[in-house]
Amino acid sequence: LQQLMTECEPDAVIHLAALPNAKEATLYPTEALQINVDGTLSVLEGVKAAGTVKRFIFASSSFVYGNFKKPVADEEHPTEPIDVYGGTKLTGEILTKSYAKAHGFEYVIARPSAVYGFGDANRRVTQILIENAMRGKPLVLHGGGLSKIDFTYVTDAAEGLLRCLETPAAANEIFNVTRGNARSVLEFALEVKKLFPNAKLEERPSDA
């Protein structure tokens, strides 16, 4: 990776590589650390080796906040991860700031939330509900599906990352790259049910 960066001499790097699923990270913590922490370190070492990067964009996650202490979490909200995934992402943020300061390049940290849309194959709740509807399986709602999530469409998240790259005033800042309007899993399931009227909703207890 260092050789590749040195040969390409990039002006900017958007770092998206990760194990992007909190449940998978909990099941496979060693792999999550290797991919999300060691992987980020490898990319930053590549940036350092190239010496040409002016701005580094790190795709973090809203999971760095842990349990929200208020209905809307702005960028000043305390970062207190409650799982492996959030911990690896916060570690990536710290490494990003440290390398940027030590080696003289700008950083921007983006914290997306519940990205969904075409191309997603990471077994998130949106994909699972849609696939269940297509296969005639019930739409399972843990805890009644009342948990609220700031679902963010993939093209909006991409536009947010592009703005992080191109906006001069974004240098060395942190941004929540989200829709900015939390909706419940139940609301999503009801939208799916409009497309698949025969789909059955099934309530189960909340998982861990």
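The present account deals with the structure reproduced in this document. For every chain, the first residue of the written sequence is number 1, and numbering continues from 1 along that sequence. Per-residue local features are limited, in this predicted model, to residues with pLDDT of at least 70; the limit for side-chain atom pairs, both in listing and counting, is 80 or more; totals at the level of whole chains, interfaces and linings are taken over all residues. Here the side-chain values reflect all heavy atoms present in the structure, with hydrogen atoms and water set aside.

## Here we look at the overall build of the protein chain
This is how it is decided: Helix numbering and strand numbering both begin at the N terminus, where a helix is a DSSP run of H or I of at least 4 residues and a strand a DSSP run of E of at least 2. To get the radius of gyration, use the C-alpha atoms; to get the globule rule, take the number of residues to the power 0.38 and multiply by 2.2 Å. Exposure is judged per residue with a 1.4 Å probe applied to protein chains only, and the accessible area is read against the type maximum: over 50% gives exposed, under 20% gives buried, and values in between give partly exposed. Here, residues are in contact when the closest pair of their heavy atoms is within 4.5 Å. Accessible surface area values rest on a Shrake-Rupley calculation with a 1.4 Å probe, where residue burial reflects the displayed protein chains alone. Residues counted as positive are Lys and Arg, residues counted as negative are Asp and Glu, and His and the chain ends are not counted. In plain terms, the charge of a residue is placed at NZ if it is Lys, CZ if Arg, CG if Asp and CD if Glu.
Helix and strand content of the protein chain: 7 helices and 10 strands. Against the 2.2 N^0.38 benchmark of 17 Å for 208 residues, the protein chain shows a C-alpha radius of gyration of 19 Å, consistent with a compact globule. Projected onto the principal axes, the alpha-carbon positions of the protein chain cover approximately 55 × 35 × 30 Å. Here the protein chain holds 208 residues, and 38% of them are scored as buried. In the protein chain, of all internal contacts separated by at least 6 residues, the share reaching a separation of at least 24 is 77%. Accessible surface, the protein chain as shown: approximately 11,800 Å² in total, 56% of it carbon and sulfur. Here the protein chain holds 22 positive side-chain charges and 26 negative ones, and the gap between their average locations is 6 Å.

## So, the sheet that holds strand β3 (residues 106-112)
Applied cut-off: A pair of strands is labelled paired if DSSP reports no fewer than 2 bridges between them. For helices, the axis comes from a line fit to the C-alpha atoms of the stretch in contact; other axes are also lines fit to C-alpha atoms, and the angle between any two N-to-C directions lies between 0 and 180 degrees.
Ordered in space as β1-β2-β3-β8, the 4 strands form an open sheet in which the pairing is parallel. At either end of the open sheet lies a strand with only one pairing partner, and these are β1 (12-15) and β8 (173-177). Across the sheet, the axes of successive neighbouring strands diverge by a mean angle of 15°, strand direction being ignored. Inspection of the sheet shows β1 paired to strand β2 (residues 55-59) by 4 bridges, in the parallel sense. Bridge pairing in β2 places Ile-14 opposite Ile-57. Packed on one face of the sheet, helix α4 (residues 84-103) meets β2, β3 and β8 and runs near 165° to β3. Each of β1, β2, β3 and β8 is contacted by helix α6 (residues 154-166), which is oriented at about 155° to β2, the strand it contacts most.

## Considering the nonpolar core
Applied cut-off: Among the buried residues, those of types Ala, Val, Leu, Ile, Met, Phe, Trp, Tyr and Cys that are joined through side-chain atoms within 4.5 Å form a nonpolar core.
Judged by nonpolar contacts, the single largest core of 15 residues is most densely connected at Met-5, Val-13, Val-43, Leu-44, Val-47, Phe-56 and Phe-105. Secondary structure elements with two or more residues in this core: α3 (29-50), β2, α4 and β3. Per-element accounting of this core gives the leading share, 4 residues, to α3. Residues in contact with Val-43, not counting those within four places in the same chain, are Leu-1, Met-5, Val-13, His-15 and Phe-56. Listed in part, the 10 residues of the second largest apolar core include Ala-133, Val-185, Phe-188 and Ala-189.

## Here we look at the pattern of salt bridges
The criterion, for reference: Between Lys or Arg on one side and Asp or Glu on the other, a salt bridge is scored when a side-chain nitrogen of the former is within 4 Å of a carboxyl oxygen of the latter.
A full pass over the atoms with the stated rule returns 12 salt bridges. Lys-69 is paired through a salt bridge with Glu-80; the nearest N and O atoms lie 3.1 Å apart. On the criterion of sequence distance, the pair formed by Lys-69 in the loop between β2 and α4 and Glu-80 in the loop between β2 and α4 is long-range, its members being 11 residues apart. You can call Lys-69 exposed: its relative accessible area is 54%.

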